[in-house]
Amino acid sequence: SQKIEQNSEALNIQEGKTATLTCNYTNYSPAYLQWYRQDPGRGPVFLLLIRENEKEKRKERLKVTFDTTLKQSLFHITASQPADSATYLCALASSYNQGGKLIFGQGTELSVKP
Amino acid sequence: DSGVTQTPKHLITATGQRVTLRCSPRSGDLSVYWYQQSLDQGLQFLIQYYNGEERAKGNILERFSAQQFPDLHSELNLSSLELGDSALYFCASSPGTSGSLETQYFGPGTRLLVL
(Lines give C-alpha, C1' and ligand atoms only; values in the text may rest on other atoms or scores of the structure.)
Protein backbone atom coordinates (compact mmCIF):
# COMPACT_ATOMS: atom_id res chain seq x y z
CA SER A 1 0.00 0.00 0.00
CA GLN A 2 1.06 3.62 -0.42
CA LYS A 3 3.11 4.91 2.45
CA ILE A 4 4.76 8.22 3.35
CA GLU A 5 7.28 8.34 6.17
CA GLN A 6 8.78 11.35 7.83
CA ASN A 7 11.31 11.45 10.68
CA SER A 8 9.23 9.84 13.39
CA GLU A 9 11.15 11.38 16.23
CA ALA A 10 11.22 15.05 17.04
CA LEU A 11 14.25 16.93 15.79
CA ASN A 12 16.05 19.16 18.29
CA ILE A 13 18.72 21.51 17.01
CA GLN A 14 20.62 24.58 18.13
CA GLU A 15 19.82 28.01 16.79
CA GLY A 16 21.90 28.88 13.75
CA LYS A 17 22.33 25.28 12.62
CA THR A 18 20.75 23.69 9.55
CA ALA A 19 17.71 21.49 10.13
CA THR A 20 17.20 18.63 7.68
CA LEU A 21 13.89 16.81 7.53
CA THR A 22 13.23 13.67 5.52
CA CYS A 23 10.19 12.47 3.60
CA ASN A 24 10.29 8.96 2.13
CA TYR A 25 7.54 7.29 0.16
CA THR A 26 6.77 3.84 -1.19
CA ASN A 27 4.33 2.42 -3.73
CA TYR A 28 3.65 5.86 -5.04
CA SER A 29 4.75 7.89 -8.05
CA PRO A 30 4.10 11.48 -7.13
CA ALA A 31 4.50 14.15 -9.73
CA TYR A 32 4.45 16.94 -7.17
CA LEU A 33 5.47 17.29 -3.60
CA GLN A 34 4.65 20.08 -1.16
CA TRP A 35 5.93 21.01 2.28
CA TYR A 36 3.74 22.65 4.90
CA ARG A 37 4.36 24.05 8.35
CA GLN A 38 1.85 23.48 11.14
CA ASP A 39 1.83 25.16 14.53
CA PRO A 40 -0.08 23.55 17.44
CA GLY A 41 -3.85 23.90 17.06
CA ARG A 42 -3.57 25.74 13.75
CA GLY A 43 -4.02 24.87 10.10
CA PRO A 44 -1.05 23.92 7.91
CA VAL A 45 0.67 26.73 6.02
CA PHE A 46 2.14 26.11 2.56
CA LEU A 47 5.90 26.55 2.22
CA LEU A 48 7.22 25.08 -1.01
CA LEU A 49 6.14 23.00 -4.01
CA ILE A 50 8.55 20.94 -6.13
CA ARG A 51 7.78 19.00 -9.31
CA GLU A 52 9.17 15.58 -10.23
CA ASN A 53 11.38 17.06 -12.92
CA GLU A 54 12.91 19.56 -10.47
CA LYS A 55 15.85 18.46 -8.35
CA GLU A 56 15.91 21.40 -5.99
CA LYS A 57 13.88 24.43 -5.02
CA ARG A 58 14.82 27.32 -2.76
CA LYS A 59 12.95 30.05 -0.96
CA GLU A 60 14.87 32.33 1.39
CA ARG A 61 16.30 30.02 4.12
CA LEU A 62 14.37 27.00 2.87
CA LYS A 63 15.57 24.37 0.41
CA VAL A 64 13.77 21.28 -0.85
CA THR A 65 15.21 18.42 -2.89
CA PHE A 66 13.24 15.72 -4.68
CA ASP A 67 14.87 12.43 -5.71
CA THR A 68 12.40 10.19 -7.53
CA THR A 69 14.97 7.39 -7.77
CA LEU A 70 15.47 7.26 -4.01
CA LYS A 71 11.78 8.12 -3.49
CA GLN A 72 12.80 10.81 -1.07
CA SER A 73 12.52 14.52 -0.43
CA LEU A 74 14.75 16.47 1.92
CA PHE A 75 13.69 19.77 3.49
CA HIS A 76 16.40 22.06 4.82
CA ILE A 77 16.12 25.16 6.99
CA THR A 78 19.41 27.02 7.15
CA ALA A 79 20.39 29.43 9.95
CA SER A 80 17.50 28.05 11.98
CA GLN A 81 15.73 30.24 14.53
CA PRO A 82 13.51 29.42 17.54
CA ALA A 83 10.59 30.80 15.49
CA ASP A 84 11.10 27.88 13.08
CA SER A 85 9.94 25.48 15.80
CA ALA A 86 6.84 23.74 14.45
CA THR A 87 5.68 20.50 12.82
CA TYR A 88 6.59 20.15 9.16
CA LEU A 89 4.43 18.05 6.85
CA CYS A 90 5.26 16.70 3.42
CA ALA A 91 2.40 16.05 1.02
CA LEU A 92 2.39 14.12 -2.25
CA ALA A 93 0.16 14.51 -5.28
CA SER A 94 -0.22 12.20 -8.23
CA SER A 95 0.18 13.34 -11.82
CA TYR A 96 -3.08 11.66 -12.67
CA ASN A 97 -6.37 13.43 -12.85
CA GLN A 98 -7.09 13.40 -9.14
CA GLY A 99 -7.96 17.01 -8.63
CA GLY A 100 -6.47 18.42 -5.50
CA LYS A 101 -5.98 15.20 -3.56
CA LEU A 102 -2.90 15.45 -1.35
CA ILE A 103 -1.50 12.59 0.74
CA PHE A 104 0.20 13.91 3.87
CA GLY A 105 2.95 12.38 5.97
CA GLN A 106 2.64 12.25 9.75
CA GLY A 107 4.92 15.25 10.14
CA THR A 108 8.20 15.92 11.92
CA GLU A 109 8.28 18.13 14.99
CA LEU A 110 11.20 20.54 14.92
CA SER A 111 12.43 22.32 18.03
CA VAL A 112 15.11 25.02 17.67
CA LYS A 113 16.79 25.93 20.95
CA PRO A 114 18.32 29.38 21.49
CA ASP B 1 -4.57 34.72 8.50
CA SER B 2 -5.18 32.52 5.43
CA GLY B 3 -8.52 34.11 4.52
CA VAL B 4 -10.34 30.79 5.01
CA THR B 5 -12.90 30.82 7.81
CA GLN B 6 -14.39 27.87 9.63
CA THR B 7 -17.18 27.67 12.17
CA PRO B 8 -17.57 26.62 14.84
CA LYS B 9 -14.10 26.56 16.40
CA HIS B 10 -15.06 23.89 18.89
CA LEU B 11 -17.87 21.37 18.97
CA ILE B 12 -18.75 18.91 21.72
CA THR B 13 -21.47 16.38 21.05
CA ALA B 14 -22.58 12.87 21.91
CA THR B 15 -22.31 9.60 20.04
CA GLY B 16 -25.06 9.05 17.52
CA GLN B 17 -25.58 12.74 16.91
CA ARG B 18 -25.20 14.73 13.69
CA VAL B 19 -23.19 17.94 13.25
CA THR B 20 -22.49 20.40 10.45
CA LEU B 21 -19.17 22.14 9.96
CA ARG B 22 -19.03 25.24 7.83
CA CYS B 23 -16.27 26.70 5.68
CA SER B 24 -15.92 29.91 3.69
CA PRO B 25 -13.05 29.86 1.18
CA ARG B 26 -10.74 32.74 0.36
CA SER B 27 -12.28 35.35 -1.88
CA GLY B 28 -12.01 34.18 -5.48
CA ASP B 29 -11.11 30.55 -4.70
CA LEU B 30 -13.34 28.01 -6.41
CA SER B 31 -12.01 24.81 -4.81
CA VAL B 32 -12.73 23.72 -1.27
CA TYR B 33 -11.12 20.73 0.41
CA TRP B 34 -11.95 18.95 3.65
CA TYR B 35 -9.36 17.16 5.77
CA GLN B 36 -9.52 15.25 9.04
CA GLN B 37 -6.57 15.28 11.44
CA SER B 38 -6.35 12.86 14.33
CA LEU B 39 -3.37 11.86 16.44
CA ASP B 40 -3.16 8.33 15.07
CA GLN B 41 -4.10 8.96 11.42
CA GLY B 42 -2.47 12.30 10.71
CA LEU B 43 -3.96 14.66 8.13
CA GLN B 44 -6.34 12.75 5.86
CA PHE B 45 -7.96 14.10 2.70
CA LEU B 46 -11.72 13.65 2.72
CA ILE B 47 -13.22 15.40 -0.30
CA GLN B 48 -12.81 18.29 -2.75
CA TYR B 49 -15.43 20.48 -4.39
CA TYR B 50 -14.84 22.76 -7.32
CA ASN B 51 -17.42 25.42 -8.15
CA GLY B 52 -20.23 23.39 -6.62
CA GLU B 53 -19.29 19.98 -8.03
CA GLU B 54 -17.49 17.11 -6.35
CA ARG B 55 -13.98 16.92 -7.84
CA ALA B 56 -12.02 14.34 -5.83
CA LYS B 57 -12.77 11.94 -3.03
CA GLY B 58 -10.58 10.43 -0.34
CA ASN B 59 -11.39 7.93 2.37
CA ILE B 60 -14.55 9.70 3.41
CA LEU B 61 -16.96 7.59 5.44
CA GLU B 62 -20.48 7.03 4.17
CA ARG B 63 -21.74 8.72 7.35
CA PHE B 64 -20.02 11.90 6.19
CA SER B 65 -21.21 14.11 3.35
CA ALA B 66 -20.33 17.50 2.00
CA GLN B 67 -21.60 20.08 -0.41
CA GLN B 68 -20.56 23.41 -1.87
CA PHE B 69 -23.16 26.09 -2.32
CA PRO B 70 -23.54 28.69 -5.11
CA ASP B 71 -21.82 31.30 -2.94
CA LEU B 72 -18.91 28.79 -2.72
CA HIS B 73 -19.10 28.17 1.00
CA SER B 74 -19.05 24.52 1.95
CA GLU B 75 -20.53 22.36 4.67
CA LEU B 76 -19.35 19.01 5.98
CA ASN B 77 -22.06 16.91 7.58
CA LEU B 78 -21.08 14.19 10.02
CA SER B 79 -23.81 11.83 11.19
CA SER B 80 -24.17 8.86 13.54
CA LEU B 81 -21.09 10.15 15.28
CA GLU B 82 -18.71 7.74 16.96
CA LEU B 83 -15.98 8.35 19.52
CA GLY B 84 -13.39 7.80 16.80
CA ASP B 85 -14.70 10.77 14.83
CA SER B 86 -13.19 13.10 17.42
CA ALA B 87 -10.57 15.06 15.51
CA LEU B 88 -9.61 18.40 14.02
CA TYR B 89 -11.43 19.07 10.76
CA PHE B 90 -9.75 21.46 8.38
CA CYS B 91 -11.09 23.17 5.33
CA ALA B 92 -8.70 24.48 2.67
CA SER B 93 -9.24 26.41 -0.53
CA SER B 94 -7.38 27.08 -3.77
CA PRO B 95 -8.12 29.06 -6.91
CA GLY B 96 -8.66 26.21 -9.40
CA THR B 97 -9.25 22.49 -9.74
CA SER B 98 -5.68 21.22 -9.66
CA GLY B 99 -5.06 21.71 -6.01
CA SER B 100 -2.03 19.52 -6.16
CA LEU B 101 -0.33 22.11 -8.35
CA GLU B 102 -1.48 25.00 -6.26
CA THR B 103 -1.06 26.27 -2.78
CA GLN B 104 -3.88 25.12 -0.55
CA TYR B 105 -4.84 27.69 2.08
CA PHE B 106 -6.02 26.08 5.27
CA GLY B 107 -8.54 27.44 7.72
CA PRO B 108 -8.08 27.40 11.51
CA GLY B 109 -10.02 24.15 11.87
CA THR B 110 -12.98 22.88 13.89
CA ARG B 111 -12.14 20.73 16.88
CA LEU B 112 -14.80 18.05 17.28
CA LEU B 113 -15.10 16.06 20.48
CA VAL B 114 -17.56 13.18 20.57
CA LEU B 115 -18.41 11.97 24.08
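Please read all numbers here as calculations on a predicted model, not as lab measurements. Along each chain, numbering runs from 1 in the same order as the chain's sequence is written. Chain A is the first chain written and ligand 1 is the first ligand written, with later ones labelled in order. In keeping with the model being predicted, local features are shown solely for residues with a pLDDT of at least 70 and side-chain atom pairs are shown and tallied solely at 80 or more, while totals for entire chains, interfaces and linings include all residues. Only heavy atoms go into the side-chain values, all of them from the structure, while hydrogens and water stay out.

Visitor: So what exactly am I meant to see when it comes to the sheet that holds strand E3 (residues 19-24) of chain B here?
Guide: Strand pairs in the sheet, formed through backbone hydrogen bonds, run parallel or antiparallel to each other. All names here are of chain B. Following DSSP output, two strands are said to pair if at least two bridges run between them. By definition, any uninterrupted DSSP run of H or I lasting at least four residues is a helix, any uninterrupted run of E lasting at least two residues is a strand, and each is numbered from the N terminus. Strand order in the open sheet formed by 4 strands is E1-E3-E8-E7, and the pairing between neighbours is antiparallel. Each having just a single partner strand, strand E1 (5-7) and strand E7 (64-68) make up the two edges of the open sheet. For this sheet, the mean inter-axis angle between neighbouring strands, taken without regard to orientation, is 15°. Note: E1 against E3, 3 bridges, orientation antiparallel. What sits directly across from Thr-5, in E3, is Ser-24. Lines fitted to the C-alpha atoms define the axes, with helices restricted to the stretch that makes contact. Angles between their N-to-C directions range from 0 to 180 degrees.

Visitor: What am I meant to see in the sheet that holds strand E7 (residues 62-67) of chain A here?
Guide: Residues and elements named next belong to chain A. Strand order in the open sheet formed by 5 strands is E1-E3-E8-E7-E6, and the pairing between neighbours is antiparallel. Only two strands of the sheet have a single neighbouring strand rather than two, namely strand E1 (3-6) and strand E6 (56-59). With direction set aside, neighbouring strand axes in the sheet form an average angle of 15°. Of the pairings in the sheet, the one linking E6 to E7 comprises 4 bridges and is antiparallel in character.

Visitor: Is there a simple way to explain the environment of B:Ser80 in this structure?
Guide: All names here are of chain B. Along the chain, Ser-80 falls in the loop between strand E8 (74-78) and strand E9 (87-94). Remark: the alpha-carbon pair of Ser-80 and Leu-21, spanning 59 residues in sequence, is separated by 15 Å. Setting aside residues up to four positions removed in sequence, Ser-80 forms contacts with Gly-16, Gln-17, Arg-63 and Asp-85. In what follows, residue pairs with any heavy atoms lying within 4.5 Å of each other are defined as contacts.

Visitor: Which parts of the structure should I look at to understand the nonpolar core?
Guide: What tends to happen in soluble globular proteins is that the nonpolar side chains get buried as a cluster. Among buried residues, those of type Ala, Val, Leu, Ile, Met, Phe, Trp, Tyr and Cys that are joined through side-chain atoms within 4.5 Å constitute a nonpolar core. Burial here depends on accessible area, computed with a 1.4 Å probe over protein chains only, as a share of the maximum for the residue type. Under 20% is buried, over 50% is exposed, and the range in between is partly exposed. Formed by 23 residues in total, the largest nonpolar core has its most connected members in A:Trp35, A:Phe75, A:Ile77, A:Tyr88 and A:Leu110. At the level of secondary structure, the elements contributing two or more residues to this core comprise strand E3 (19-26), strand E4 (30-38), strand E5 (45-51), E7, strand E8 (72-77), strand E9 (86-94) and strand E11 (108-113) of chain A. Ignoring anything within four residues of it in the chain, the contact list for A:Leu110 reads A:Leu11, A:Ile13, A:Ala19, A:Ile77, A:Asp84, A:Ser85, A:Ala86 and A:Tyr88. Counting residues in hydrophobic clusters, the runner-up holds 20 residues, among them B:Val4, B:Val32, B:Ala66 and B:Leu81.

Visitor: How should I be thinking about the state of the cysteines in this particular structure?
Guide: Note on terminology: a disulfide is the covalent bond linking the sulfur atoms of two cysteines. Residue and element names in this part refer to chain B. Any two cysteine sulfur atoms lying within 2.5 Å of each other are counted as a disulfide. Counted according to the given criterion, the structure contains 2 disulfides over all chains. Through a disulfide, Cys-23 is tied to Cys-91; the S-S separation comes to 1.8 Å. In this structure the cystine formed by Cys-23 and Cys-91 twists about its S-S bond by roughly -50°; its chirality is therefore left-handed. One end of the pair, Cys-23, is in strand E3; the other, Cys-91, is in strand E9, with 68 residues separating them in the sequence. Owing to a relative accessible area of 0%, Cys-91 belongs among the buried residues under this scheme.

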